[in-house]
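Read off the chains here:
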Amino acid sequence: MGERGQSGSHDASGLRVGVAVSRYNQDISERLLTGALEALHGMGVNDSKLTVCWVPGALELPLAAAKLVRSHDAVICLGCVIKGETAHFEHVATQCAAGVQRVALDSGTPVAFGVLTTYDRAQALSRSTAADNKGAEAAETAVEMANLLKALP
């Protein structure tokens, strides 16, 4: 089936890309970052146009993203929130997602949500493997959207 309309390419060679990463559940976040960086390098991102910053937790990702969108064509937010015994998980995951979306809508710059929200550690590990890395998917989304927005009138 052919596509109608415009879509963005996965060519990151001319893009400035920022990546904000949560240190909470850092071993998972590092795996997501590895996947994102591998994907970005595969799409041709220039290391001189790549910024990676670490924040304490998922709730701090939107603020870092808000700063990064000022000087980048696309931003990727990476982290992992795993359900615990209290409602804290729901609040953190919901507010992080809402904050990331708000930054994207307010700035007009793509901000990809690569934050895992899982019920247990096994699910987080599964979604951060080389074969199924949500950090890589977020990188592809950010690049595609940046290129699409540049192409739209």
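Summarised in this report is the structure supplied together with it.

Parameters at a glance
- Residues numbered from 1 in each chain as written.
- Predicted model: local features only at pLDDT ≥ 70, side-chain atom pairs only at ≥ 80, totals over all residues.
- Heavy atoms only, no water.
- Helix = DSSP H or I, 4+ residues; strand = E, 2+ residues; numbered from the N terminus.
- Rg over C-alpha atoms; globule rule 2.2 N^0.38 Å.
- Buried < 20%, exposed > 50% of the residue type's maximum accessible area, 1.4 Å probe, protein only.
- Contact = heavy atoms within 4.5 Å.
- Areas by Shrake-Rupley, 256 points an atom, 1.4 Å probe, with all protein chains shown as cover.
- Core = buried A, V, L, I, M, F, W, Y, C linked by side-chain atoms within 4.5 Å.
- 1 Å grid on protein atoms, 1.4 Å probe; cavity = no way out; pocket = protein on both sides within 12 Å on 5 of 7 lines; lining within 4 Å.
- Points joined across faces, edges and corners; volume = space filled by probe spheres on them.

So, about the overall build of the chain. Scanning the chain from terminus to terminus reveals five helices and four strands. Each helix and strand of the chain, ordered N terminal to C terminal, gives the series β-α-β-α-β-α-β-α-α. Here the chain has a C-alpha radius of gyration of 15 Å; the compact-globule value for 153 residues is 15 Å, and the two agree. Projected onto its principal axes, the C-alpha positions of the chain cover 50 × 35 × 35 Å. The buried share of the chain, reckoned over its 153 residues, is 44%. Contacts in the chain between residues at least 24 apart in sequence constitute 81% of all its contacts with a sequence separation of at least 6. If you sum the accessible surface of the chain, you get close to 8100 Å²; carbon and sulfur atoms cover 52% of it.

Let us look at the nonpolar core. Ranked by internal contacts, the top residues of the largest apolar core, which has 27 residues, are Val-17, Val-19, Leu-40, Met-43, Ile-76, Leu-78 and Ala-139. Where this core is concerned, the elements lending two or more residues are strand 1 (17-22), helix 1 (26-42), strand 3 (74-82), strand 4 (111-118) and helix 5 (134-151). With residues up to four places along the chain from it excluded, the contact list for Val-19 reads Leu-33, Leu-40, Leu-50, Thr-51, Val-52, Cys-53, Leu-68, Ile-76 and Leu-78. In terms of nonpolar packing, the next biggest core, distinct from the first, is built from 19 residues, Leu-61, Leu-68, Val-81 and Phe-89 among them.

To continue, consider the layout of surface pockets. Taken as a whole, the largest pocket spans an internal volume of roughly 270 Å³. Lining the largest pocket are 14 residues; nearest its centre among them are Tyr-24, Val-81, Ile-82, His-88 and Val-92. Of all the secondary-structure elements, those providing two or more residues to the lining of the largest pocket are strand 3 and helix 3 (88-107).

Any functional reading would require information beyond the geometric quantities listed.
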